[in-house]
Amino acid sequence: MLRLDRIGRRFPGGVEALAGISLDLASGDFVALLGPSGCGKSTLLRLIAGLDPPDSGALAWAGGRPPAPGEIGFVFQDPTLLPWASAAANVGLPFRLHDPAPADAAALVDAALARVGLAGFANARPRQLSGGMRMRVSIARALVTRPRLLLMDEPFAALDEFTRHRLQEDLRALWREAGCTIVFVTHSVYEACFLARRIVLMTPRPGRIAREITADLPEGPARRLDPAYATLVATVSGAMTEVLRDAGETAG
Ligand code: ADP
Ligand code: MG
């Protein structure tokens, strides 16, 4: 789907955020970008989204053109919902931004809400919803245009642990069902190991790709209890500790 070739990004003022990032994204992948705060994960996601240009290197999209706006969905840590608008109106927002809106926009909004488990909440306002439900609305909004690529930037970081686990489980199921490609930014080893098929470890700033670890866990929520999950967490933790040590930082 996408090849990143030696991407670099330096901000005005001299902060070098990314250096020499090369990564291939295959259609249907679930990739976690894992690294410490400030290592350039959000910057990399914004580059993939086309919201920010690289200073060096290139992005090569399969087919020769970047996805159209509706073909990429973006979910941030903050659900960024319009407080005065209903859940349905928030989910339908992408259709107000892209023209022309499809004739079946209302049905697509209903389907997206159902897909994240909020079928009965179309008319609820954000303040009537829990934090987890607000994030579900945000995910439905990203899915409503049926994107090929879903970019997620620490979407569950502010949620309590039980809600986070539920959303992680539902996101896995949703990915398998929708067949889209997901790039998920996180600084949680546990989250990366639970969710992703490929775990890409980044160095502290300037962010480089240090290692990649492939996950092959049994499917279903029970994977969290599987010994293979514990082993994977230990492997990724150990690798991350080495990456930080090599970069001259103390882990934790
Ligand atoms: P992460 O998401 O991994 O925490 P970011 O991609 O947000 O890291 O940021 C990487 C580095 O680039 C940080 O040091 C941050 O302060 C800096 N940075 C990010 N955006 C900007 C910007 N618009 N202008 C200047 N510096 C920035
Ligand atoms: Mg970030």
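If you're wondering where the values come from, they're calculated on a predicted model, not measured in any experiment.

Draft legend 1. Up close: the pairing of strand β6 (residues 149-153). Taking burial as the measure, the five residues of β6 include five buried ones, the bulk of the element. Where burial is concerned, the two faces of β6 agree: the one with Leu149, Leu151 and Asp153 and the one with Leu150 and Met152 are both buried. Across four bridges, strand β5 (residues 72-75) lies against β6 in parallel orientation. For Gly73, the partnering residue across the bridge sits in β6 and is Leu150. After leaving β6, the chain enters helix α6 (residues 161-178) and then returns to the sheet as strand β7 (residues 181-186), a path that is right-handed.

Draft legend 2. Highlighting the site of ligand 1. With respect to spatial proximity, the complete set of residues near ligand 1 consists of Phe11, Val15, Ala17, Pro36, Ser37, Gly38, Cys39, Gly40, Lys41, Ser42, Thr43 and Arg205. In the model, an oxygen atom of ligand 1 is placed 3.0 Å from a nitrogen or oxygen of the Gly40 main chain. In the complex, the protein chains occlude 62% of the 560 Å² of accessible area that ligand 1 would expose alone. Broken down by element, the residue count for the shell around ligand 1 peaks at three residues, all from helix α1 (residues 41-49).

Draft legend 3. Main features of the packing of aromatic side chains. Enumeration according to the criterion identifies four aromatic pairs in this entry. Ring centres of Phe30 and Trp175 lie 5.3 Å apart, and the angle between their planes is 70°; this geometry places the pair in the edge-to-face category. With a gap of 145 residues between them, Phe30 in strand β3 (residues 30-34) and Trp175 in helix α6 connect regions that are remote in the sequence. Residues Phe30 and Trp175 agree in their burial class; the two are buried.

Draft legend 4. Looking closely at the sheet that holds β5. Here we have six strands laid out as an open sheet, ordered β5-β6-β7-β3-β8-β9, and mixed in their pairing. Sheet topology places β5 and β9 (209-214) at the edges, where each strand pairs with a single neighbour. Direction aside, the axes of adjacent strands within the sheet are offset by 15° on average. Relative to the sheet, α6 contacts β3, β6 and β7, its axis offset from that of β7 by approximately 155°. The strands touched by helix α8 (residues 227-246) within the sheet are β3, β8 (198-202) and β9, with β9 carrying the most contacts at an inclination of about 170°.

Draft legend 5. Representation of the pattern of salt bridges in the model. Within this structure, the stated rule accounts for 18 salt bridges. Across the pair Arg9 and Asp55 runs a salt bridge, and its minimum N-O distance is 3.2 Å. Taken together, the residues span a long stretch of sequence, with Arg9 in strand β1 (residues 2-10) and Asp55 in the loop between α1 and β4 (56-61) at a distance of 46 residues. The closest approach of N and O atoms between Asp170 and Arg166, which form a salt bridge, is 3.9 Å. Of this pair, Asp170 and Arg166 both sit in helix α6, four residues apart, roughly one helical turn. Of the residues examined, Asp170 reaches a relative accessible area of 27% and is grouped as partly exposed.

Draft legend 6. How the structure looks around unusual backbone geometry. Between Arg205 and the following residue, Pro206, the backbone shows a cis peptide bond with an omega angle of -5°. As for its position among the elements, Pro206 is in the loop between β8 and β9. Despite not being glycine, Arg6 shows a phi value in the positive range, around 50°. Overall, Arg6 belongs to the exposed group, its relative accessible area being 56%. Although it is not a glycine, Thr80 adopts a positive phi angle of roughly 45°. With respect to the helices and strands, Thr80 occurs in the loop between β5 and α2 (87-91). Residue classification places Thr80 among the partly exposed residues on the basis of a relative accessible area of 41%.

Draft legend 7. Quick look at the nonpolar core. In this structure, Ile139, Ile182, Ile199 and Val236 are the most contacted members of the largest nonpolar core, which totals 56 residues. Among the nonpolar cores identified, the runner-up in size contains 26 residues, and Leu2, Val31, Val183 and Val200 belong to it.

Draft legend 8. Structural detail: the packing of helix α5 (residues 131-143) against α6. Where α5 meets α6, the closest approach of the two axes is 11 Å, and the angle between their N-to-C directions is 20°. Judged by the inter-axis angle, α5 sits roughly parallel to α6. Regarding α5 and α6, the two cross each other, and that crossing is right-handed. Of α6, the residues touching α5 (which contributes Gly132, Arg136, Ile139 and Leu143) are Thr163, Arg166, Leu167, Asp170 and Leu174. Partitioning the contact of α5 with α6 into residue classes produces four nonpolar, two polar and three charged.

About the criteria used
- Residues numbered from 1 in each chain as written.
- Chains lettered and ligands numbered in written order.
- Predicted model: local features only at pLDDT ≥ 70, side-chain atom pairs only at ≥ 80, totals over all residues.
- Heavy atoms only, no water.
- Buried < 20%, exposed > 50% of the residue type's maximum accessible area, 1.4 Å probe, protein only.
- Helix = DSSP H or I, 4+ residues; strand = E, 2+ residues; numbered from the N terminus.
- Pairing = 2+ DSSP bridges.
- Right-handed = clockwise from strand over helix to strand, strands pointing away.
- Near = heavy atom within 4 Å.
- Polar contact = N/O pair within 3.5 Å; in protein donor to acceptor, adjacent residues only side chain to side chain.
- Areas by Shrake-Rupley, 256 points an atom, 1.4 Å probe, with all protein chains shown as cover.
- Phe/Tyr/Trp six-rings, centres within 6.5 Å; stacked < 30°, edge-to-face > 60°.
- Axes fitted to C-alpha atoms, helices over the stretch in contact; angles between N-to-C directions.
- Contact = heavy atoms within 4.5 Å.
- Salt bridge = Lys/Arg side-chain N within 4 Å of Asp/Glu carboxyl O.
- Core = buried A, V, L, I, M, F, W, Y, C linked by side-chain atoms within 4.5 Å.
- Parallel < 35°, antiparallel > 145°, perpendicular 65-115°, else oblique.
- Left-handed = near helix turned anticlockwise from the far one by under 90°.
- Nonpolar A, V, L, I, M, F, W, Y, C, P; charged D, E, K, R; others polar.

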